Amino acid sequence: MLAAAGGHHVLMTGPPGCGKSLLANAFHTILPNLTHDEVLEVYSIYQMAKQARTLSDRPPFRGPHHSSSEGAIVGGGRYPKPGEMSLAHRGVLFLDELGHFPRRVIDTLRQPLETGFAVVNRVEGSDRFPAAINLIAATNPCPCGYYGSNEKYCSCSDKVRLKYMMKITGPIIDRIDFVLEMKSQGVLNQAMGETSDNIRKKVTAARKLQRIRYNANYTNTIVPIKLFEEKVHFTEDQLTRVAAVCFKEKLSSRSTMKILRLARTISDVNGDEYVSDAAIEEALQWKIKASLVQASIMR
């Protein structure tokens, strides 16, 4: 819900069959309907890419195969056309088996995840395509998929496993707000959780608050830093708390800003005008958890 409300990005890691792909496909159902302008915007991108799409008010969902090239993901060609990132504009880009994507392709995600635009550079000039997306990525913790599993023994050597995971460390992890370590569940409890309809109403309300605050169609994830600082205010105690935790956990300056953006999203979901101390603490816990998961899968 938080990822959908603020346009944040998610990485799920876990053994085969634990539900990563299922959750990624379900995520699409909690996104709000597109506005009239967004429908036309997305439709125009598909027309430019010469791909079929109706004038639907549901956000696009794209799930390219891990064999896709850099040009297919970001865009390119002799006469540049939008890639998968732009075809997922205002919707979801699902990268399954992230560890199998070439490292060069993964690295091209860096700028679009922060700015909401995919830039294609050619000798004739540069083209900039909209790419305001929710990135949902899933990966096994190793090539065989069972590192850390209680069900099967991992057959991968440390060297093979680390080489597999090194593709998605560092700058990419820094741009991802939620890193979730998933486990297989023997029995599913049908009574747990909320329905997609209820969650979608909360997400829609939070997105509306963001559009009003920034006077533009920005989410908390991609709103320019200058505008974010003008419209969102934190107390001295809150900034001191975030700075102290980031210093203790050795988090980057980008992670610090990610925490503040996520805290604003948490408060938007709760309908709060100002960022609460509880939202700051929850955002810190999410980032610390992401750091711990990253450390565990890299051991």
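Coordinates for the structure precede this section.
Before going into details, it helps to say that this report is about the structure given with it. Please read these numbers as outputs of a predicted model, since none were measured by experiment. (Residues numbered from 1 in each chain as written. Predicted model: local features only at pLDDT ≥ 70, side-chain atom pairs only at ≥ 80, totals over all residues. Heavy atoms only, no water.)

**Description of empty space enclosed by the protein**
The line we're drawing: Two kinds of site are reported from a 1 Å grid over the protein atoms alone, namely cavities, where a 1.4 Å probe fits but cannot get out, and pockets, open sets with protein on both sides within 12 Å along at least five of seven lines, and residues are called lining when an atom falls within 4 Å of a point. Grid points are joined across faces, edges and corners, and a volume is the space filled by probe spheres set on the points. In this description a helix means any DSSP run of H or I spanning at least four residues, a strand means any run of E spanning at least two, and both kinds are numbered starting from the N terminus. Side-chain classes are defined by residue name, with Ala, Val, Leu, Ile, Met, Phe, Trp, Tyr, Cys and Pro counting as nonpolar, Asp, Glu, Lys and Arg as charged, and the others, Gly among them, as polar.
Evaluated as defined, the whole model comprises 1 cavity of 30 Å³ or more. Of the voids in this model, the largest cavity is the one considered here, and its volume is about 40 Å³. Lining the largest cavity are Asp177, Lys258, Ile259, Leu262, Ala283 and Lys287. Sorting the residues of the lining of the largest cavity by element identifies α13 (253-269) and α14 (277-297) as the ones contributing at least two each. For the lining of the largest cavity, the element with the highest residue contribution is α13, accounting for 3 residues. Partitioning the lining of the largest cavity into residue classes produces 3 nonpolar, no polar and 3 charged.

**Brief notes about unusual backbone geometry**
Worth spelling out the cut-off: Throughout, exposure labels follow a simple rule: accessible area from a 1.4 Å probe, protein chains only, divided by the maximum for the residue type, with under 20% read as buried, over 50% as exposed, and the rest as partly exposed.
Phi is positive for Lys50, which is not a glycine, with a value near 60 degrees. With respect to the helices, strands and loops of the structure, Lys50 is situated in the loop between α3 (36-48) and β2 (61-62). A positive phi angle, close to 55 degrees, is found at Asn215, a residue other than glycine. Position of Asn215 among the secondary structure elements: in the loop between α10 (196-214) and α11 (225-231). Asn215 gets classed as exposed once you look at its relative accessible area, which sits at 70%.

**Focus on the nonpolar core**
Selection criterion: Buried Ala, Val, Leu, Ile, Met, Phe, Trp, Tyr and Cys residues form a nonpolar core when they are joined through side-chain atoms within 4.5 Å. Whether two residues touch is decided by their heavy atoms; if any such pair falls within 4.5 Å, the residues are in contact.
Grouped together as the largest cluster of nonpolar side chains are 43 residues, with contacts concentrated most on Phe27, Ile136, Phe228 and Ile280. Ranked by residue count, the leading element in this core is α13, at 7 residues. Those residues within four positions of Phe228 in sequence are excluded, and the remaining contacts are Tyr214, Val223, Phe234, Met257, Leu260, Arg261 and Arg264. Counting residues in hydrophobic clusters, the runner-up holds 29 residues, among them Leu98, Phe101, Val120 and Ile173.

**A few points about the sheet that holds β2**
The cut-off we apply is this: A pair of strands is considered paired only if DSSP assigns at least 2 bridges between the two.
Taken together, 5 strands build an open sheet; the order of strands is β2-β5-β8-β1-β9 and the sheet is parallel. Each having just a single partner strand, β2 and β9 (178-181) make up the two edges of the open sheet. The sheet contact formed by strand β1 (residues 10-13) and β9 spans 4 bridges and is parallel. Bridge pairing in β9 places Leu11 opposite Val179.

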